[in-house]
Structures are given as structure tokens and as C-alpha cells.
Amino acid sequence: MINVVFFAALREQLDCDSLTLESHELSTVADIIKQLSARSEQWQQTLNNASLLSAVNHDMVDKSHPVKAGDEVAFFPPVTGG
Amino acid sequence: MINVVFFAALREQLDCDSLTLESHELSTVADIIKQLSARSEQWQQTLNNASLLSAVNHDMVDKSHPVKAGDEVAFFPPVTGG
Amino acid sequence: MTSEISIQHQDFALADEVALLEQDNATDGAVVTFTGRVRNNNNDTEVSTLTLEHYPGMTEKSLAKIIATAKERWDIGRVKVIHRIGALKVGEQIVFVGVTSKHRKDAFAANEFIMDYLKVQAPFWKKEQSDKGEQWLDAKHSDEAKAQQWS
Amino acid sequence: MTSEISIQHQDFALADEVALLEQDNATDGAVVTFTGRVRNNNNDTEVSTLTLEHYPGMTEKSLAKIIATAKERWDIGRVKVIHRIGALKVGEQIVFVGVTSKHRKDAFAANEFIMDYLKVQAPFWKKEQSDKGEQWLDAKHSDEAKAQQWS
């Protein structure tokens, strides 16, 4: 299983804090985006925003980064702290 | 009259906080250095140190800077505050 | 030793943080601090409150990496980073970065570096409540450009 | 308004100074401070006390010029410079520079600029009492070079 979490504007747009995916058939972050984009127009649009950022196990990564069972994958907009 | 003041190591080397000079015949800071240098070997040496700094009326100036009656002229070593 | 990173709801006291940085630390003559507060306006919008969200776990990890990089690049002593979360009113403190060093140049550079990277890498998000309603703030391209100047 | 420059024997409290910089100042979100303290050693000499001498009148004038130049170069709000004189022990605070701004970059740059110019233009001199006796400190060429980088 892969745990997927969402933050800030993304969380609100998707109306979802987190969800769990079966890990087989998912080998990269991009695979997760592709699978979730099939859910609805809203998911398609939100997860394919050019500014979307992603992290695997708390490290910022590119969409090509591998994922495996037990990973925590996060999606969020550009950060605005400080 | 021109008021001349000395600070820090210079003041200690010359054993003098301040002195007053007649202003006629003194047209630049360099003239003051020349006149005071005639006092002794110690004054000659101290006032002709390459790192000597000078100020006229609280502004850092070059040795060619003009002086006139009523001015306060200061001599001191490179500053070490902060 | 106290932790270098604190993500907290409660306010902090600058004097207490600096006292901890200086305690039993007679070798570091320079202390540079940055404090960020909620401004009363942003692009001509009258701000009343900011709400800060973060990604627990990743926040601490990203800040630890930024601090480790700063320690590699500069000769610095102690570092403290505090970032508040939750609802903050105008004038309230949001973020503190404190750095000590033997050399003021290193303390200034490391502190600014940590702030610049915190701005673009640490997972915090600000939602603004203003006279124009509520909205998530956009990231600034200038922040991205500023962080890239260090590389 | 309180004065931007204070040359004083007595110690100062960082928290009080920053509170004054921030008071009724909701526009400046960034506050950068520099604090310099007496280190316990200098070129492998164990320092016990520093004695700070200055040139009254010129000190204030030179600091006012440095602050005015910083305000021309950067978009900054309030500035405070405190420099202590007299005998100071290891660990004691010597100098404080505080700058507020809407932009952290300006607050960092102006603060470092003020410190760099204070180091080479403000008429203060340090005499060191150490295990090797008493001596006036030499100016550092690196300080001169650092100040020139701003021009």
C-alpha cells in the first residue's frame, strides 16, 4: 500500500486529506498522478497543474521518482512559509 | 586657533589628549603634521605612520584637506570598533 | 542541547532564543537574527489574519537539511529555526532564524541562506484572511530566484 | 521618536530594542539584528577584558552618515545602532544593529552594510587585556576589503 497525502489549496480542491492506493502497477509518482487523474475532471485538473510539487517519504522529488509499498507520497502547491 | 586631538594608541604614544595651534601658516592637515613632527623624534615617528588617519570637524579627510581657524583636527590609528 | 528546529503554535521570545544561542558560548562573537512577522498588507490587500499549515515530518526534515547545508558552507556555531503554525494576527511573529559564528560575515550569510531556502523548500502554506475574503497565497518567483543565487 | 544611534556605557537588552523597532510598525515584516559580543580569544590570546574608546561627536556623525547611505541604497524602515564604550568583559555585548524592512533581502543587506562600514569608519578603538598583557588591537585588512565590496 502507498499512502498519499494532500496539502493546502490542493487538499481543499480535492476535498481530501489522504488516501491509500494499492502499490502494484504504480512504479513512479507520475503513475500515481495518472491513476488519480482518472477519478474526475477536478482531480485531472488539480494534479496536472504545472506548479504541482511532490514528495516521497518527506523528500521533494520529481514526477519520475520511483514509489514502492510503504511509501508516503505527498502532493502540494508551491510553498509559502517564512 | 586650531584644536588638535589624539586618540587611542596615538594619544598614548604622544602622551597628549589635545593641543591648540595658531592657525596662521597652517593651511592643510599635512602642514599640522609637519609642524608637530618637529617637536621630537616620537612625534615625527607617530605622525608619519603610513596608517595614520585624520579628521577635520568630525569628517575623515586626506592629509591635503584644508584647515582654518576654529577647526577641530583629529589624528588616530585605524579604527577597531564593532 | 535544545533542538535546532521548532514548529509550534505558541509565540516565542526573541531574547530567550538569543540567550540560548549565547549560553556557554564565549567563542562566537557574532549573532545574527531574522524575525518575520505578519504584515498588515500584501499587494494592497488589508490583511487581518494568516493561517499557517504545514506538512508534519517533512517540515522538520527539510529544515534539518537546510541547516546541515549551511553548516557545511559556512563556519557557524549554533543555529535555531522556529516557525509558527495556526492562525496569526497582524504584527505577530511567524518565523525566527538565529545563527552564531566567530565571523559576522558567516553569521549573516548562513542566516539569509536558511531563510531563502526555508521560503522555497520547507512545506508551509499561508492562507490569508483579508478585506477581500480568504485565499491561499501564491508563491513568489522572486523567492525562487533568490534561493537559486546561492547555488 | 527615539534616536537611531546610541553610544553608551551601560548594557542593552535585545528584546527592548527589537520591541521599539517593531512598535506601531505593522508594515515592516522583516527584522534583522546583529549583536557583537566580546569573544574569549583573539588570535590564540586568552582575552579577559576589552576597553572601548571613541571620539565623541565624530562617532555619532559617522554612524549617521552610514545609516543615511543605507537608507538611500535599500528600502528599509527603522534602524537602531548601539555601541558600548568603556571596559567590557568576555561575553558582554559590544554592538547592536537592528533594521526593519518590508523585504528580508533589504533588511539583511542594510544591516550587514552598516556593520561593515561601522568597522572601518566609526572612530572606536579596542584595547585588549589578556594573558599576554595589554595592547591596542590592530585593524584587520579583511574588514577594509569587506567594506569595499559594497562600493
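What comes next concerns the included structure. Fair warning: this is a prediction, and the values are worked out from it, not measured in the lab.

Scoring rules and cut-offs
- Residues numbered from 1 in each chain as written.
- Chains lettered and ligands numbered in written order.
- Predicted model: local features only at pLDDT ≥ 70, side-chain atom pairs only at ≥ 80, totals over all residues.
- Heavy atoms only, no water.
- Contact = heavy atoms within 4.5 Å.
- Buried area = accessible area lost by both parts, 1.4 Å probe.
- Salt bridge = Lys/Arg side-chain N within 4 Å of Asp/Glu carboxyl O.
- Least-squares fit on C-alpha atoms with pLDDT ≥ 70 in both.
- Helix = DSSP H or I, 4+ residues; strand = E, 2+ residues; numbered from the N terminus.
- Polar contact = N/O pair within 3.5 Å; in protein donor to acceptor, adjacent residues only side chain to side chain.
- Nonpolar A, V, L, I, M, F, W, Y, C, P; charged D, E, K, R; others polar.

**Remarks on the interface of chain A and chain C**
With 20 residues of chain A at the contact, the number on the chain C side is 26 residues. Overall, the association of chain A and chain C removes approximately 1,900 Å² of surface from exposure, summing both partners, and the carbon and sulfur fraction of that is 57%. Its largest share of buried area at the contact with chain C, chain A owes to His58, Thr80 and Gly82 of chain A, together 36% of the area lost on that side. Counting every contact that joins chain A to chain C gives 4 salt bridges.

**A word on the relation of the copies chain D and chain C**
Turning one copy of the chain about an axis and sliding it along that axis gives the other copy, so a rotation and a shift relate them. Note on the copies: chain D fits chain C at an RMSD of 0.0 Å, the axial shift is 0.0 Å, and the rotation between them is 180 degrees. Here the two chains are linked by the operation of a two-fold rotation axis. When the interface residues of chain D are mapped onto chain C, 100% of them are again interface residues, pointing to one common binding face.

**Some thoughts on the environment of Asp71 of chain A**
All names here are of chain A. Mapped onto the fold, Asp71 is located in the loop between strand E4 (59-61) and strand E5 (72-76). Distance in space between the C-alpha atoms of Asp71 and Phe7 is 17 Å, their sequence separation being 64 residues. At a separation of 2.9 Å, a polar atom in the side chain of Asp71 contacts the side chain of Asn57.

**Topic: unusual backbone geometry**
One non-glycine residue, Asn57 of chain A, adopts positive backbone phi at about 50 degrees. Even without being a glycine, Asp15 of chain B presents a positive backbone phi close to 50 degrees. Along the polypeptide, Asp15 of chain B turns up in the loop between helix H1 (8-14) and strand E2 (18-21).

**Some words on the arrangement of the chains**
Comparison of the 3 pairs of chains in contact shows the highest number of contacts for chains C and D. A minimum C-alpha distance of 30 Å separates chain A and chain B, which share no contact. Over all C-alpha pairs, chain A and chain D never come within contact, reaching a minimum spacing of 10 Å.

**Remarks on the interface of chain D and chain C**
Many authors give the size of an interface as the accessible area that is lost as the parts come together. Contact residues are listed per partner, giving 33 residues for chain D and 33 residues for chain C. Of the roughly 3,000 Å² buried between chain D and chain C, counting both surfaces, carbon and sulfur atoms make up 52%. Of all residues in chain D, the largest losses of buried area upon contact with chain C belong to Arg37, Arg104 and Phe108 of chain D, amounting jointly to 26% of the total for that side. Scanning the region where chain D abuts chain C turns up 6 salt bridges. Across the pair Asp143 of chain D and Arg104 of chain C runs a salt bridge, and its minimum N-O distance is 3.2 Å. At the junction of chain D with chain C, the criterion picks out 17 residue pairs in polar contact (both at pLDDT 80 or more). Of the residues that constitute the side of chain D that touches chain C, the class distribution is 12 nonpolar, 9 polar and 12 charged.

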